[in-house]
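Structure at a glance
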Amino acid sequence: MSEEFYRMKRLPPYVIAEVNAMRAAARAAGEDIIDLGMGNPDLPPPDHVIAKLCEVAQKPSAHGYSQSMGIPGLRRAQANYYGRRFGVELDPETEVVVTMGSKEGLASLATAITAPGDVVLAPNPSYPIHMFGFIIAGATIRSVPTTPDEQYWKSLERAMAFTVPRPSILVVGYPSNPTAETVDLAFYERLVAWAKENNVWVLSDLAYSELYYDGNPTPSILQVPGAKDIAVEFTSLSKTYSMAGWRIGFAVGNKQLITALKRVKSYLDYGAFTPIQAAACAALNGPQDIVQKNRQLYHKRRDVMVEAFGRAGWEIPAPKASMFAWAPLPPSLKEMGSLEFSKQLLTHAKVAVAPGVGYGEDGEGYVRIAMVENEQRLRQAARNIRQYLKSMGVNTPSTKGAA
């Protein structure tokens, strides 16, 4: 049986896995690698959330099958969060479903609503599941830009005018992973109007809703009147409460899409472990000081990284939101490409970053830097990178100060 499976043929090699394998090998060999590659929070969840997990796990009744759509208390907690944060009213029975992280939710919804040959508009570069969740489901992807400028809207119009069959789904994700770009409510107002005019579903990924900087809160597409007619939105506790490994996320919005997602999930899973869902309730309903604390911490890391890397000879634009920086390769090393540059940083500077090409061909020329190490380690990364860049002739002590 030598033929490759049908869906495996549609999945290219996972480029980022090459760097991950090198990082794992280096660490196994005892090397001290500063890992800025994977967006894996290094901070702990709130104490009261862990306490609730332990408390509920002690109950014998908590270890059976849960509900694939999420326990009622958690769906209510998420609806209340949207009310507090965005002023959006949600029915926890018909407009909210708990997912095993936003990634699983997106993939399951793709399975639920995609027919083979459907055309889906997805940003490029973007988080891989935005494209490959639909590719696995049998769809064809037409790329649109990630940058929300006038070129974005022109790209949408061209897609609708010249694609057969006409696209039926649009994926958006702001703050963007990997580019950290943001949008305002006016963007969503225009998007909702466009989607209604063109009869297109909109799937919004708002996983970084609470990691915004400079006093500019990120909006939700559901704040637009009538958005629930065409949109569903995904959020996650992974970054907001440093609960990435807990795999708790949500889909909220359009009742038809939520019903389809519930139905598929009822076949695929029995929901997250009940004590985890109970602890997630504690996160959403309890003290929210951890949210502000984490935001301030990532903000400080951002400023330290931009300043230290800049003095090391690598100018990086300051992200407006998320836990990532989208960094163009140093101009003199651009021809190297993002994958080789990432490998060289790992080998020679002992710093892991994610190659931009792993997020789509339009990510070439960039790397994604995750701010998941403390300030001291970020400064050490800058010193290591400075020495590597110097060895490549990018900067010299006479033109750049010490990091």
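Since this is a predicted model, take the numbers as computed values, not measurements.

**Points about helix α13 (residues 375-391)**
- In a regular helix each residue adds 1.5 Å, so 17 residues correspond to 24 Å; α13 covers 25 Å between its end C-alpha atoms and thus fits that length.
- If you check which residues of α13 are buried, you get L378, A381, A382, N384, I385, R386, Y388 and L389.
- Elements in contact with the buried residues of α13: β1 (34-35), α11 (289-311), α12 (338-349) and β10 (351-352).
- For α13, the side-chain oxygen to backbone nitrogen distance between the N-cap and Q376 is 3.1 Å, and the N-cap itself is N374.

**Comments concerning the pairing of strand β3 (residues 119-123)**
- With respect to burial, β3 is a largely interior element, five of its five residues being buried.
- Neither face of β3 is left uncovered, since the one carrying V119, L121 and P123 and the one carrying V120 and A122 both have all their residues buried.
- For β3 and strand β4 (residues 140-144), the ladder comprises five bridges, and the chain directions are parallel. Residue pairing across strands places L121 opposite R142, the latter belonging to β4.

**Some details on unusual backbone geometry**
- Between V164 and P165 the backbone carries a cis peptide bond, its omega angle lying at -5°.
- You can see P165 is positioned in the loop between α7 (150-162) and β5 (169-173).
- Look at the link from Y174 to P175: it is a cis peptide, with omega at -5°.
- Here P175 is to be found in the loop between β5 and α8 (185-198).
- Of note in this structure, A180 is not a glycine but carries a positive phi near 65°.
- Here A180 lies in the loop between β5 and α8.
- For D214, which is not a glycine, the phi torsion comes out positive at approximately 60°.
- Relative to the helices and strands, D214 resides in the loop between β6 (201-205) and β7 (231-236).

**Quick notes on the packing of α7 against α8**
- In contact at an axis separation of 12 Å, α7 and α8 are set at 5° when each is read in the N-to-C sense. The orientation of α7 with respect to α8, classified from their angle, is roughly parallel. Along the contact surface, α7 presents E150, Y152, W153, L156, E157 and M160, while α8 presents F187, R190, L191, W194 and N198.
- Residues belonging to the contact of α7 with α8 are distributed by class as follows: seven nonpolar, one polar and three charged.

Definitions and limits used
Residues numbered from 1 in each chain as written. Predicted model: local features only at pLDDT ≥ 70, side-chain atom pairs only at ≥ 80, totals over all residues. Heavy atoms only, no water. Helix = DSSP H or I, 4+ residues; strand = E, 2+ residues; numbered from the N terminus. Expected span 1.5 Å × (residues − 1). Buried < 20%, exposed > 50% of the residue type's maximum accessible area, 1.4 Å probe, protein only. Contact = heavy atoms within 4.5 Å. Polar contact = N/O pair within 3.5 Å; in protein donor to acceptor, adjacent residues only side chain to side chain. Pairing = 2+ DSSP bridges. Axes fitted to C-alpha atoms, helices over the stretch in contact; angles between N-to-C directions. Parallel < 35°, antiparallel > 145°, perpendicular 65-115°, else oblique. Nonpolar A, V, L, I, M, F, W, Y, C, P; charged D, E, K, R; others polar.

Note that every value here comes from positions in space, so none of it alone points to a role or purpose.
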